[in-house]
Amino acid sequence: MSPLADWETLCESVQGLGKKLNQDRGRVRGTGSAEDPLILTVADGHGSASYPRSDVGAHFAAALFVDKGREFGSCLGPGSPGGRLSRLHDYARYELPERLVRDWQTRVWEHWHRQPGPEGADAPREDVLRLYGSTLVGAVVVPGLFVAWQLGDGELTVVDEGGRVRLPLAPERAELGDETASLCLPEAWRLVRVHWEPLPDPERGPRLLALSTDGLSKSFASDAGFTAFTAGLYERLAGRGVPGIAEDVPRWLAEASRHSGDDTTLALAHRAERDDDPRAAWASAPEAARPWGPEPAAEPEPGPVAEPDAGVPDGTTNDDEETERR
């Protein structure tokens, strides 16, 4: 990777068809330098009548992860107490998840006391936390290190230097139905999965990091279809960069939402080599493969968007309601 290589980023979210509110949140911050860590995160509020404030919970989750990501990156600075990788590894695996969950639950509790619901300000804490339930996926990249965390569903997808697609945070066993871990559980930090990847050689570091809520992966009939989507996305990024796909991503996510019936959010960072203005390369690049499956004879336009109260189109499943795993 040349000295001119850097990260180009994008974050988009599409509200699910028939839903009154987008309960996903996504954030991308930073450049990947020691002083300015690259931070990506997506959060998915559980939705449904059982979780009426999950959009607020997802907002708190994404915002807090950005704060924790910056704190984590600062631990690698000269003279910092977390400067040794062994110490930082323990911090990433144990301390950061616990602090993140505790801070999220504290923020939720404070929000409830400022704006209590019909249950009243003195409602049981566990019941209040449930109203804000959300999942979270987050990643931090600094020179020499890539770390990611996940609680609940959603995906972290990585494309390495050889073009191989991998999902380093995929659970050992698939969660059942709509069951998922959640920030609202009393000891949610025990359920956080952590990926730790030192990057001593920049040439062998990831070329694409993509974080997405499950509205994207569930729009495919199989895991292989989702992997093919990521491979096609990387192929297009390699040829055109983020400027070349920025206008297409909302359409792709809307198509995914039509199939999954859920809000769909994608946050990505692509490692690109820069010799000049990327828009010049985009203008001259050949058309890359479509990320959304095989090239059809004629690409159909998305169908009409349903009215907010029209429900989910026939043939789809609505994953709006998720149940936290205890």
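Right, let's walk through the structure included here. Everything quoted here is computed from the prediction, not taken from an experiment.

### A few points about the pattern of salt bridges
Step number 1: Within the structure shown, the criterion is met by 15 salt bridges.
Step number 2: A salt bridge links Arg258 to Glu255, with the nearest nitrogen and oxygen atoms 3.3 Å apart. With Arg258 and Glu255 both in helix α6 (residues 249-260) and 3 residues apart, the pair spans about one turn of that helix.
Step number 3: Each of the salt bridges in this network shares a partner with another, and the network as a whole consists of Lys19, Asp262 and Asp263.

### Details of the sheet that holds strand β5 (residues 145-151)
Step number 1: On the basis of which strands lie adjacent, the open sheet formed by 5 strands has the order β2-β3-β4-β5-β9 and antiparallel pairing. Each having just a single partner strand, β2 (24-29) and β9 (193-198) make up the two edges of the open sheet. Shown here is a sheet whose adjacent strand axes are inclined to one another by a mean of 5°, direction ignored.
Step number 2: In this sheet, strand β3 (residues 38-44) lies alongside β2 in antiparallel orientation, the contact comprising 6 bridges. Across the sheet, the residue bridging to Asp24 is Asp44, located in β3.

### Looking at the nonpolar core
Step number 1: Counting 40 residues, the largest nonpolar core has Phe72, Trp104, Val147 and Trp149 as its most contacted members.
Step number 2: Of all the elements in the fold, those that place two or more residues in this core are β3, α1 (54-74), α2 (85-114), α3 (125-131), β4 (136-142), β5 and β9.
Step number 3: It is α2 that provides the largest number of residues to this core, a total of 9 residues.
Step number 4: Here Trp104 is in contact with Gly57, Phe60, Ala61, Leu64, Leu129, Tyr132, Gly133, Leu183 and Cys184, once residues within four sequence places are set aside.
Step number 5: Judged by nonpolar contacts, the second largest core, of 20 residues, contains Leu10, Val14, Ala210 and Trp252.

### Regarding empty space enclosed by the protein
The gaps left among the atoms become clear once a water-sized probe is rolled over them.
Step number 1: This structure, assessed with the given rule, holds 2 cavities of 30 Å³ or more.
Step number 2: Of the voids in this model, the largest cavity is the one considered here, and its volume is about 50 Å³.
Step number 3: Surrounding the largest cavity, Leu100, Leu136, Trp149, Gln150, Leu151 and Val192 form its lining.
Step number 4: A total of 3 residues in the lining of the largest cavity trace back to one element, the largest contributor, which is β5.
Step number 5: Looking at the lining of the largest cavity, its residues break down into 5 nonpolar, 1 polar and no charged.
Step number 6: In this structure, the second largest cavity spans a volume of roughly 30 Å³.
Step number 7: In this structure, the second largest cavity is lined by Thr157, Ala210, Ser212, Leu216, Phe226, Phe229, Thr230, Leu233 and Leu266.

### Description of the environment of Ala221
Step number 1: With respect to the helices, strands and loops of the structure, Ala221 is situated in the loop between α4 (214-217) and α5 (223-240).
Step number 2: Linking Ala221 and His259, residues 38 residues apart in sequence, is a C-alpha distance of 9.5 Å.

### Considering the packing of aromatic side chains
Aromatic rings in a pair are described by how distant their centres are and how their planes are angled relative to each other.
Step number 1: The final tally for this structure, using the stated rule, is 5 aromatic pairs.
Step number 2: Here the aromatic rings of Phe72 and Tyr91 are separated by 6.2 Å at their centres, their planes lie at 10°, and the arrangement is stacked. One end of the pair, Phe72, is in helix α1; the other, Tyr91, is in helix α2, and 19 residues separate them in sequence. The burial state of Phe72 is the same as that of Tyr91; both residues are buried.
Step number 3: Aromatic ring contacts, followed pair by pair, group Phe65, Phe72, Tyr91 and Trp149 into a single cluster.

So, how was this worked out
Residues numbered from 1 in each chain as written. Predicted model: local features only at pLDDT ≥ 70, side-chain atom pairs only at ≥ 80, totals over all residues. Heavy atoms only, no water. Salt bridge = Lys/Arg side-chain N within 4 Å of Asp/Glu carboxyl O. Helix = DSSP H or I, 4+ residues; strand = E, 2+ residues; numbered from the N terminus. Pairing = 2+ DSSP bridges. Axes fitted to C-alpha atoms, helices over the stretch in contact; angles between N-to-C directions. Core = buried A, V, L, I, M, F, W, Y, C linked by side-chain atoms within 4.5 Å. Buried < 20%, exposed > 50% of the residue type's maximum accessible area, 1.4 Å probe, protein only. Contact = heavy atoms within 4.5 Å. 1 Å grid on protein atoms, 1.4 Å probe; cavity = no way out; pocket = protein on both sides within 12 Å on 5 of 7 lines; lining within 4 Å. Points joined across faces, edges and corners; volume = space filled by probe spheres on them. Nonpolar A, V, L, I, M, F, W, Y, C, P; charged D, E, K, R; others polar. Phe/Tyr/Trp six-rings, centres within 6.5 Å; stacked < 30°, edge-to-face > 60°.

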